[in-house]
Amino acid sequence: MTARVLRRVAWAAAVAWFAITVTFLILRAVPGDPARLIVGPHAGVEELARARAAHGLDDSLIVQYARYVGHVVQGELGESFRSQRPVREILAAHAWPTFQLLGAAILLQLALGVPLGLAAARWSDRWPDRAITGGALLALSAPPFVVGALLFYLAGYRWDLLPISGYGEPGLDRLAHLVLPALAQALPGAAATAQLLRAELRGALARDFIRTARAKGVPERAVLGRHALRPSLPPIVAAVSVDVGVLVTGAVVVESLFGWPGLGREALLAVLELDMPVVLGVVLLSSVVIAAIMLLADLANLALDPRTRRER
Amino acid sequence: MIRELALCALLVAACREVDRAPRWSAAGGDGPRRGGALRFSTTASLRTLDPVLAYDEVSLYATQHLFDTLIGYPPARPGTAGGRGALELVPQLAESWQVSEDGLELRFTLREGVRYDDGTAIVAADFKYALERALRTADSPFGGFLAGVVGAEDVRAGRRADCAGVRAPDDRHLEISLSRRDASFLYVLALKFAAPLPRAHAERAGAELRRRPLASGPYRLAAWREGERLTLERNPHHWDRQRGWIDVLTLLENVPQDVEFLMFERGELDVCYQPSSPDYLWLRAQPAWTPLIRRVDLMNVFGERINVTRPPFSDVRVRRALNYAVNKDHLVRLLHGTATPSHGVLPPGMFGRDPTLAPYPHDPARARALLAEAGYPHGFEVEYVTLAGDEPRRLAGSLQADLAEVGVRLKVRALSFTAYQDAVGAPDGPALSYTSWLQDYPDPSSFIDTRFHSRMIADHGSMNDSFYRRPDVDALIDEARAELDPAKRAAQYRALERRLYDDAPWIWEYHRVAIEVVQPYVQSYAPHPVWLRDYTSTWLDLRPDGSRAPRRAREPAR
Amino acid sequence: MPRAQDPPARRRGRRPLAAGLIALLVVGVAAWVVPALGPDPNRPDLDRGLTALGAPLAPSGDAPLGTDDLGRDVFARVCYAGRASLLTAATGTALAVLLGLLAGMSAGLVGGALETALARAIELVLAFPILLLALFAATALRAASLDGGGGSLAVVLGLLGWPATARVVHARTRALAAADYVVAARGLGASVPRLVLRHLLPNLAALVTAIAVITLSQFLLAESALSFVGLGPAPPEPSWGQMVWEGRIYYRSAPWLVLAPALAIVVTVAAVHLVAVGLQGTLERVER
């Protein structure tokens, strides 16, 4: 058990190293002088040269890379080229909004997907099943920005129901601001969850122990809700944990669309302006978080499915 | 049951028609009153509050309210030409100044009793410290503006800490010595980097200075949740009772352009700067909103910059042909009338601009003839670089179509800001690209010197990105800069304009007009031609209890 | 996963497969045939395609889906944009599947260190927010001017998308390599190319097709998302995601600028999903 966690942690470190190395190389391959970002379009050649020297941008690629990795190991992430704000601070400020958004999206995804999956399995091959499967297919075919744009237009503009942009004030206002972006994020995931759960439940319902339960007179609701659902959960948890990677990426688009002050939007702005320290910071953080979530999903499955506990 | 309810709710929601006229009106107050809060937004992030680092538009929205300088500009008045009067330099923290006969010695007398927002006195040494700090700070773009000050080079190069040409003989006097005559130098002192800063505060704040401003202007910092919102409150120690009517200014960061207008319409914002084209078009069609649109000529210029050293553009006939090929009426239509066609870099209202020079007419036949004469009867293909963004994209589309008509085929590449700057500033970069210039200060030297003097040519990050090198132009530019007689100076700039018009190192296209829509209760406001968004003289016509007066039902808004 | 107890499984694949293929055919015809018949999708028409103030025209007889902000026919453009979207996704898919097939098969056949290395590499790439990486890579390629956009996007997708294929192919290859008849063939001295051609590929074909279809749907979505954030083909060439991005600010006055390309994306991806569902049904039959 401990060994397993340790292996996971070591692996996460390897992933993080890989991620920042690749990102570093890609970003340095881009023509474009980061010093221009520091001093702006009106600065003369001398100002440009001074800023380059001050930030070590004249050093060779290897020196810059080694320096960066050295700093990261010491927990130092540098400063944004654009704002001179410490990257650690930027990450800290924007991680919480993204966490709220992703948390809400995952909850919504499960809250919508699980009942729909249950319903589809309960009325298998009848109209609810067909409607849900069809709807799920459609939802899976719509990218988050299309769903987002539609929500924006209808709920935000046409009906004037919900706030469409920004973070809002803490409390109910925040919740109201969260609804649309979370929904845009959650819809495809909910569809995937419903589909997966339906398939798992159909498989489970055909198994012997279900037949036994039914023969013993357990009501159909309990058969589905208690006996069949439980063994179907581990794959759902695994799928959701994999989805986190997808959600993180979706956050880039959805946060930009709804003006949500999260890491995704920050990353996109930084990429478009080649603000390297910020991009590297976001990549580092997201790979660590994804690894952590995988670990959590692992542990959750251990708890849900006693059989895996003895493994290794 | 639940399903029926949900269906009903959905139907009700679908049928609800939202009233889209202004939701409030002016309370009817008869003159400026203090109080209220104004919320405005920007599409980008606020980078810094340190005036020595703040070069971008958004940072200026903040520093403009936080800092006063020795001399400044009066506020803009509503009305299209309202910006003109706002370009004259007026005393701010200095009550007066003298310039010596030869133009090399400047002496400022500070206003009595001026204070920072913490109550400490503003003294002449603080200005000296601020200027030296700009020279010392590696990341500051402003050091170059002080190149004409005696001893500035020593400080910039790190040889000395003390700038010999800037002296504070006592608390109320500041003297500056220049090594060469410069008619535009006073404008430099009106830039916000020249705002006073006490050494003690700078050393206490250290790297935190970017978010711990010591305000000398009408507003001071209340709070800044970075990336989200900046809140400014009135500076109780400010000297000027004619500025700072509104109690609290809130700047919301990173609000997308399409969202900004929607928030404005709902009353979540009090002003909306440069609404996107569709929103502007919509506004123009609403009688209730039209009177609330403010337009001001801005000090900017847009066009296509050409690298004049690269064939086929080294031939002036080709450059002129491109100027004839572009249909400026199309461009103005694409911008929904918020632009004026241009004949050169100097915008309307700028000193030294020649108003009699007419823009190149749209004449494809002539363009084709010129191209044929230059040896390109069938045109040519060329790479064209532009910025990623909505407006550059549309303009590229129009340009591509116009040039295709005379046989010049553009391969368009849209780049991010940094990559774009890098590409166009290199001698071997793209020969044709989108360009624009926004003044640093409202003087022709801020346009012509930087973009067309051969001194500004460099191998990397060249400011003169046309790589335009004409000895006669260089000489004329230097003469005009040192000329102190306004009439002679204006004639010199008119000659320069003519020369550049004929030589066509750019495709001259247009100047943008600033558009800002305000709620009915926002009074005496227009975008400022230098600072763009300046709410220091704006007041809110609210009800006595500070709430907004709702528009009465059925009353047509104004 | 064969589910033998499912009687309708036999027929289940046919209807979705047919519907999906027909829809794709329609989209293909729209993308490659329709633009040739109508107005030039890339040519701005500022005189006739815009109002006097420069606003897009509403749908009418002349332009069934209205015009865009440069006065171009939206219907012609939506059709034409299908080329970029479909080609990018398809090229990316081909690349990803080819790479995945190569990596998976060689690891499955050779085994040992190569197998471990591959497993690690796959895990590495999968543990990383792929689309975020694609975003960086595409930005970089765009700025480096390696090409106008569409091609580099396909390469980025291909280079990042192979692990999913490789993983499945690897597992199946290993199972096949251990199968009696392959062991026998090897024992009889069959060369590796012969082994691959005669025994492996035919057995992998159905599986790979299914994976390719799923990858295609994923890449269509990824392409639209990346175009949406501005990494689509260079102007004036359109792609659907790019059209949604460009049109989004017109939600108030010209919603067709967003609705038309958005619908095109959803319909196309749904069609590919239907094909995937259909193939799954077929696959289940094959596997039994």
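Use the structure listed above.
Residues numbered from 1 in each chain as written. Chains lettered and ligands numbered in written order. Predicted model: local features only at pLDDT ≥ 70, side-chain atom pairs only at ≥ 80, totals over all residues. Heavy atoms only, no water.

Novice: Help me understand the overall build of chain C, please; the structure alone is not making it clear to me.
Specialist: Helices and strands together make up the secondary structure of chain C, namely 11 helices and 0 strands. Mapped in sequence order, the helices and strands of chain C form the string α-α-α-α-α-α-α-α-α-α-α. Here chain C holds 288 residues, and 54% of them are scored as buried. Long-range pairs, those at least 24 residues apart, make up 75% of the contacts in chain C between residues at least 6 apart in sequence. (Helix = DSSP H or I, 4+ residues; strand = E, 2+ residues; numbered from the N terminus. Buried < 20%, exposed > 50% of the residue type's maximum accessible area, 1.4 Å probe, protein only. Contact = heavy atoms within 4.5 Å.)

Novice: Help me understand the interface of chain B and chain C in this model?
Specialist: With 30 residues of chain B in contact, the opposing surface of chain C contributes 26 residues. Interface area lost by chain B to chain C is led by Pro278, Arg333 and Arg393 of chain B, which between them contribute 25%. Summed over the shared surface of chain B and chain C, the result is 3 salt bridges. Residues Arg393 of chain B and Asp69 of chain C are paired through a salt bridge, measuring 2.8 Å at the closest nitrogen-oxygen approach. The tally of links from chain B across to chain C stands at 5 residue pairs in polar contact (both at pLDDT 80 or more). (Buried area = accessible area lost by both parts, 1.4 Å probe. Salt bridge = Lys/Arg side-chain N within 4 Å of Asp/Glu carboxyl O. Polar contact = N/O pair within 3.5 Å; in protein donor to acceptor, adjacent residues only side chain to side chain.)

Novice: What exactly am I supposed to notice about the packing of aromatic side chains here?
Specialist: Describing an aromatic ring pair means giving the distance of the ring centres and the angle of the ring planes. All names here are of chain B. By the definition in use, this model includes 26 aromatic pairs over all chains. With 5.9 Å between their ring centres and 35° between their planes, Phe261 and Phe264 make a pair best called tilted. Note that Phe261 and Phe264 are positioned in helix α7 (residues 257-265) at a spacing of 3 residues, about one turn of the helix. Ring pairs connect the aromatic residues Phe142, Phe145, Tyr187, Phe193 and Tyr441, which therefore count as one cluster. (Phe/Tyr/Trp six-rings, centres within 6.5 Å; stacked < 30°, edge-to-face > 60°.)

Novice: So what exactly am I meant to see when it comes to the interface of chain B and chain A here?
Specialist: Contacts between the two partners involve 49 residues from chain B, matched on the other side by 49 residues from chain A. In total, chain B and chain A occlude about 4,300 Å² of area from one another, counting both sides; carbon and sulfur atoms represent 49% of this. A per-residue breakdown of the area chain B buries against chain A is headed by Asp139, Arg266 and Thr418 of chain B, which together make up 13% of the total. Across the contact surface, chain B and chain A share 4 salt bridges.

Novice: Help me out: how do you make sense of the packing of helix α1 (residues 2-29) of chain A against helix α5 (residues 112-126) of chain C in this one?
Specialist: Packed helices, taken two at a time, are described by their axes: the angle between them and the distance between them. Two elements in contact, α1 of chain A and α5 of chain C, have axes whose closest approach is 10 Å; the angle formed by their N-to-C orientations is 70°. Put simply, α1 of chain A runs roughly perpendicular to α5 of chain C. Within the contact between the two elements, α1 of chain A uses Trp11, Ala14, Val15 and Phe18 of chain A and α5 of chain C uses Arg120, Glu123 and Leu124 of chain C. When its residues are assigned to classes, the contact of α1 of chain A with α5 of chain C shows 5 nonpolar, no polar and 2 charged. (Axes fitted to C-alpha atoms, helices over the stretch in contact; angles between N-to-C directions. Parallel < 35°, antiparallel > 145°, perpendicular 65-115°, else oblique. Nonpolar A, V, L, I, M, F, W, Y, C, P; charged D, E, K, R; others polar.)

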